[in-house]
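# Structural overview for review
Listed below are the residues making up each chain.
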Amino acid sequence: MSDDGGSNVVPGREEAGYDDATAPSGGFRKGSFGVSGSGDTSGFGGLVRVEPGGAVALHSTERPYGGWFDEVTDALIEAVGQATYDAAVQRVLVDRGEITYFVAREHLLTLAQALRDDEALRFELLSSLSAVDYLDSGGPAVAPGRPRLHVVYHLTSMTYRRRIRLEVAVSAEDPHVPSVTASYPTADWHERETFDMFGIVFDGHPGLTRILMPDDWDGHPQRKDYPLGGIPVEYHDATIPPPDTRRAYR
Amino acid sequence: MTTTQDPYAGSRETTEGRVYTVTGGDWDATLGADPHENERLVVNMGPQHPSTHGVLRLVLDLEGETVTKARVVIGYLHTGIEKNTEYRNWVQGTTFVTRMDYLAPLFNEAGYCMAVEKLLGIEIPQRAATIRVLVMELNRIASHLVALATFGMEMGALTGMTNGFREREMVLDLLEEITGLRMNHAYIRPGGLAQDLPEGAVGHIREFLEVMPKRVADFHRLLTGQPIWQRRLKDVGYLDVTGCLALGVTGPILRAAGLPWDLRKVEPYLGYETYDFEVPTADTSDAWGRYLVRMSEVNESLRIIEQALDRLEPGPVMVEDRKIAWPAQLSLGPDGMGNSHEHVAHIMGQSMEALIHHFKLVTEGFRVPAGQVYVPVESPRGELGYHVVSDGSTRPWRVHVRDPSFVNLQATAAMSEGGMIADVIAAIASIDPVMGGVDR
């Protein structure tokens with residue numbers, strides 16, 4: 001993590017010719033070892049590098065998406081109506097043969113129900129539900145208006161043998177997402193785990209309690225601002241610091 | 001001689017000392033007419049090993065012997081593996097994920113490595129893919145044997161347990177010979193494998209292929225035809241296809257409900273589409289069907305292993321790209337497995353550039369282009385999915401594991417509520433959860 005985690009101004013962005021509008025997914029990173037304030041005298045700590053890609057790709061793929069992606073998208077538009085689709089799906093990204101729909105949380109349940117029940121869609125199985133914390137993941141991802149917590153749904157259609165991904169982004173200040181347990185009962189434990197680990201509150205969940213951590217635990221361990229923890233270990237007269245304070249190449 | 005009135009036991013003094021008269025039978029008056037009415041009992045099962053599944057706690061509401069409510073409490077084996085991977089480089093991730101579902105370590109490694117390879121956009125050599133299939137199917141047999149062995153133990157058929165673990169030991173010996181370790185192998189690495197098959201391994205696997213079908217037949221003779229075994233399993237832990245899909249249940253449980261959903265067939269990877277094997281199913285949707293499906297899958301895995309051995313061609317087991325491939329061949333030294341002596345001599349005595357390259361790759365690792373992928377593999381317990389996110393650096397930004405045990409264990413309540421308490425054990429044994437994978 002860089003030392004300017006909370007601020008949105010990354011030093012050197014003007015010099016590097018950075019432009020929000022044109023850069024597809026770029027990010028910035030300071031230093032080379034991911035550690036700051038450690039008295040690094042190598043000079044690498046002052047490096048500012050333009051990353052070829054940040055963690056979050058911010059562009060949208062233009063249609064046609066190719067393959068069955070268009071079929072699914074058309075079927076989804078037909079199932080929920082063009083107006084709802086336009087309001088619900090903020091952008092679509094096709095990358096490495098996988099399609100991701102970035103969904104506004106207000107319309108998540110409508111989409112989930114349609115995806116499960118529509119004859120042309122039939123995503124019967126919610127394979128996986130989790131979240132990713134994009135805090136400090138490089139330039140544009142932490143800009144205002146770009147929420148850091150992304151809830152990720154992996155849906156599988158056993159009928160058509162297709163997989164899609166839905167992503168709902170929320171901020172840490174307002175981490176509310178409607179629960180999909182009504183459409184997909186399997187989401188029960190997934191949502192509890194995501195609440196436990198990321199503090200995302202799934203409204204409408206039948207019993208949103210911690211599942212892996214003890215009930216009285218403070219904090220949400222898989223958020224990026226939650227330290228890994230650990231103690232220094234002595235080995236052969238040398239002290240090895242805990243993993244999150246070791247020097248590492250970023 | 002005096003008699004004192006005592007609500008519990010009257011007593012009187014005799015020449016032999018004090019004598020108590022203990023009476024009872026007033027429970028009807030205390031509890032009302034029917035003492036068995038509204039008898040609700042909350043029983044806490046665990047937290048401890050139900051057998052070798054790991055630490056699991058069940059809270060059961062009972063009426064008599066009937067379970068009216070089953071709640072599953074997990075988290076006792078939570079070790080934060082997902083978060084830990086974010087603090088290690090991409091190759092080190094393998095050593096973490098292999099410890100999640102410790103009965104299926106090679107599936108974890110394969111799923112993780114295939115996700116990293118998809119992010120990198122690289123193809124692994126054919127020989128590496130074949131050996132991956134080979135070791136995964138060996139691992140599937142070992143995992144199913146544990147499932148069957150613990151199933152036997154939990155049903156009180158202890159010979160099933162000892163037989164199962166004996167057979168599993170044969171597989172573990174093979175895996176030890178191939179990878180160097182019985183469990184937690186870290187054998188599959190991004191880009192291929194840590195090392196090629198050792199000399200003699202193929203012969204030993206062929207010997208195993210000779211022996212194992214007989215052992216499977218023994219297992220059938222020992223358990224399948226046994227009336228007690230059948231009565232304990234049949235119509236127990238019922239969950240049909242609709243229930244499975246709603247609860248996200250995959251693997252042998254789903255196949256025992258009649259749906260031939262096996263990712264090796266429906267979304268083939270590592271060339272599974274070129275192997276000739278069947279997807280065993282049952283139509284009973286109960287613990288009995290799951291038992292039979294697992295038994296048949298052992299046979300199918302043996303078929304796949306045989307085909308994999310037949311098509312093994314000499315060749316590299318790691319990608320050619322020197323920016324990804326581990327620079328050294330591993331070999332067994334006096335102090336255990338390590339970089340080969342030739343490699344150490346080369347970097348220390350002959351080539352400064354090779355030393356720099358080795359140092360950079362080992363300490364810094366390689367960078368993986370930013371993006372996210374979801375890669376599922378068919379583990380012995382169902383869909384094992386790896387959702388891996390990269391921000392373009394030398395470490396994963398996020399690794400989420402969709403562990404089949406975690407999802408399947410949710411079905412406990414659906415399978416056991418309304419049944420007898422003894423059938424809860426059969427239902428959970430038929431799910432075959434591994435808590436290392438559930439809690440991660």
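Thresholds, definitions, all that
- Residues numbered from 1 in each chain as written.
- Chains lettered and ligands numbered in written order.
- Predicted model: local features only at pLDDT ≥ 70, side-chain atom pairs only at ≥ 80, totals over all residues.
- Helix = DSSP H or I, 4+ residues; strand = E, 2+ residues; numbered from the N terminus.
- Buried ≥ 20, exposed ≤ 12 C-beta atoms within 10 Å, placed from the backbone.
- Contact = placed C-beta atoms within 7 Å.
- Pairing = 2+ DSSP bridges.
- Axes fitted to C-alpha atoms, helices over the stretch in contact; angles between N-to-C directions.
- Nonpolar A, V, L, I, M, F, W, Y, C, P; charged D, E, K, R; others polar.
- pLDDT = per-residue confidence, 0-100.
- Expected span 1.5 Å × (residues − 1).
- Parallel < 35°, antiparallel > 145°, perpendicular 65-115°, else oblique.
- Left-handed = near helix turned anticlockwise from the far one by under 90°.

### Details of the overall build of chain A
Counting secondary structure elements, chain A contains four helices and 11 strands. A buried classification covers 37% of the 250 residues belonging to chain A. For chain A, the proportion of contacts with a sequence separation of at least 24, taken over those separated by at least 6, is 58%.

### Overview of the overall build of chain B
Helix and strand counts for chain B stand at 18 helices and 13 strands. Based on the C-alpha atoms only, the size of chain B along its principal axes is roughly 110 × 45 × 40 Å. A total of 440 residues make up chain B; the buried ones form 50% of that total.

### Observations regarding the sheet that holds strand E11 (residues 371-379) of chain B
All names here are of chain B. Strand order across the open sheet formed by three strands is E11-E12-E13, with antiparallel pairing between neighbours. Single-partner strands in this sheet number two, and they are E11 and strand E13 (396-402). Taking each pair of neighbouring strands and ignoring which way they run, the sheet shows an average axis angle of 15°. Helix H4 (residues 105-120) contacts E11 and strand E12 (382-390) of the sheet and is inclined by roughly 150° relative to E11.

### Digging into the interface of chain B and chain A
Every contact between the two is made by 40 residues of chain B and, on the other side, 40 residues of chain A. Listed by contribution, the elements that provide at least two residues to the side of chain B that touches chain A are helix H2 (81-85), helix H9 (241-246), E11, E12, E13 and helix H15 (404-408) of chain B. Considered class by class, the residues forming the side of chain B that touches chain A number 16 nonpolar, 13 polar and 11 charged.

### Looking at the confidence of the model for chain A
Residue and element names in this part refer to chain A. Looking at chain A, the pLDDT average stands at 78 and 72% of residues meet or exceed 70. Per-residue pLDDT, averaged within each element of chain A, yields its smallest value for strand E2 (residues 48-51) (55) and its largest for strand E8 (residues 176-178) (93). Predicted confidence is poor over residues 1-26, with pLDDT under 50, and the contacts of this stretch with residues over four places away or in other chains come to 43 contacts.

### Side note on the sheet that holds strand E4 (residues 40-48) of chain B
Residue and element names in this part refer to chain B. The three strands lie next to each other as E4-E5-E6, forming an open sheet whose pairing is antiparallel. Strands at the two margins of the open sheet, each flanked by one partner only, are E4 and strand E6 (66-73). The sheet shows a mean angle of 15° between the axes of neighbouring strands, taken without regard to direction. Relative to strand E5 (residues 56-63), E4 runs antiparallel, the two being bridged by seven bridges. Along E5, the bridge assignment pairs Asn44 with Val59. The strands that helix H17 (residues 421-431) touches are E5 and E6; relative to E5, the one it contacts most, it runs at about 150°.

### Quick word on the environment of Met100 of chain B
All names here are of chain B. Position of Met100 among the secondary structure elements: in the loop between helix H3 (92-97) and H4. C-alpha of Met100 to C-alpha of Gly258: the two residues are 158 residues apart in sequence and 29 Å apart in space. Among all residues touching Met100, those that are not within four sequence positions of it are Ile81, Asn108, Val401, Asp403, Gly436, Gly437 and Arg440.

### Observations regarding helix H4 (residues 187-198) of chain A
Along its 12 residues, H4 of chain A runs 15 Å from first to last C-alpha, staying within 8% of the 16 Å computed at 1.5 Å per residue. Within H4 of chain A, 12 of the 12 residues are buried, leaving the element largely enclosed by the surrounding structure. Of the positions making up H4 of chain A, those classed as buried are Ala187, Asp188, Trp189, His190, Glu191, Arg192, Glu193, Thr194, Phe195, Asp196, Met197 and Phe198 of chain A. Buried-residue contacts for H4 of chain A involve strand E5 (125-133), strand E6 (149-157) and strand E9 (201-203) of chain A together with H15 of chain B. Immediately downstream of H4 of chain A, the backbone of Gly199 of chain A shows phi near 70°, a positive value.

### Re the packing of helix H12 (residues 287-310) of chain B against H17 of chain B
Residue and element names in this part refer to chain B. Taken N-terminus to C-terminus, the directions of H12 and H17 make an angle of 30°; their axes are 9 Å apart at the nearest point. As the angle between them shows, H12 and H17 are arranged roughly parallel. Taken as a pair, H12 and H17 cross one another with a handedness that is left-handed. Contacts between H12 and H17 pair Ala287, Arg290 and Tyr291 from the former with Ala426, Ala427 and Ser430 from the latter.

### With respect to the environment of Ile305 of chain B
Examined against the element boundaries, Ile305 of chain B turns out to sit in helix H12. Beyond its immediate chain neighbours, meaning those up to four positions away, Ile305 of chain B contacts Leu134, Glu137, Leu138, Ile205 and Leu209 of chain B.

### A look at the confidence of the model for chain B
Mean pLDDT over chain B stands at 86; residues scoring 70 or higher make up 93%. On the interface metric, ipTM, the complex scores 0.82, and its pTM is 0.84.

### Considering the packing of H4 of chain B against helix H5 (residues 126-154) of chain B
Residue and element names in this part refer to chain B. In contact at an axis separation of 8 Å, H4 and H5 are set at 145° when each is read in the N-to-C sense. Along its contact with H4, which presents Leu106, Phe107 and Ala110, the element H5 presents Arg132, Val135, Met136 and Asn139. A class-by-class count of the residues in the contact of H4 with H5 yields five nonpolar, one polar and one charged.

### A look at helix H14 (residues 352-364) of chain B
Given a rise of 1.5 Å per residue, 13 residues ought to cover 18 Å, and the 17 Å separating the end C-alpha atoms of H14 of chain B matches this to within 8%. Immediately beyond the C-terminal end of H14 of chain B, within one or two residues, lies Gly365 of chain B, with a positive phi of roughly 85°.

### Structural notes on unusual backbone geometry
Cis peptide bonds are those with omega within 30 degrees of zero, and the linkage from Arg63 of chain A to Pro64 of chain A qualifies with 0°. Of note, Pro64 of chain A is situated in the loop between E2 and helix H1 (69-80). Although it is not a glycine, His236 of chain A adopts a positive phi angle of roughly 50°. Classification of His236 of chain A by C-beta neighbours within 10 Å gives exposed; the count is 5. With a phi angle near 60°, Asp432 of chain B is a residue other than glycine that sits in the positive phi range. Classification of Asp432 of chain B as buried rests on a count of 27 C-beta atoms within 10 Å.

### Points about the pairing of strand E3 (residues 89-95) of chain A
The side chains of a regular strand alternate, residue by residue, between the two faces of the sheet. Residues and elements named next belong to chain A. Relative to strand E4 (residues 98-103), E3 is paired through six bridges, and the arrangement is antiparallel. Its bridge partner being in E4, Arg91 is matched across the sheet by Phe102. Hairpin connection, E3 to E4: the antiparallel pair is bridged by two residues, and Arg96 has positive phi, about 55°.

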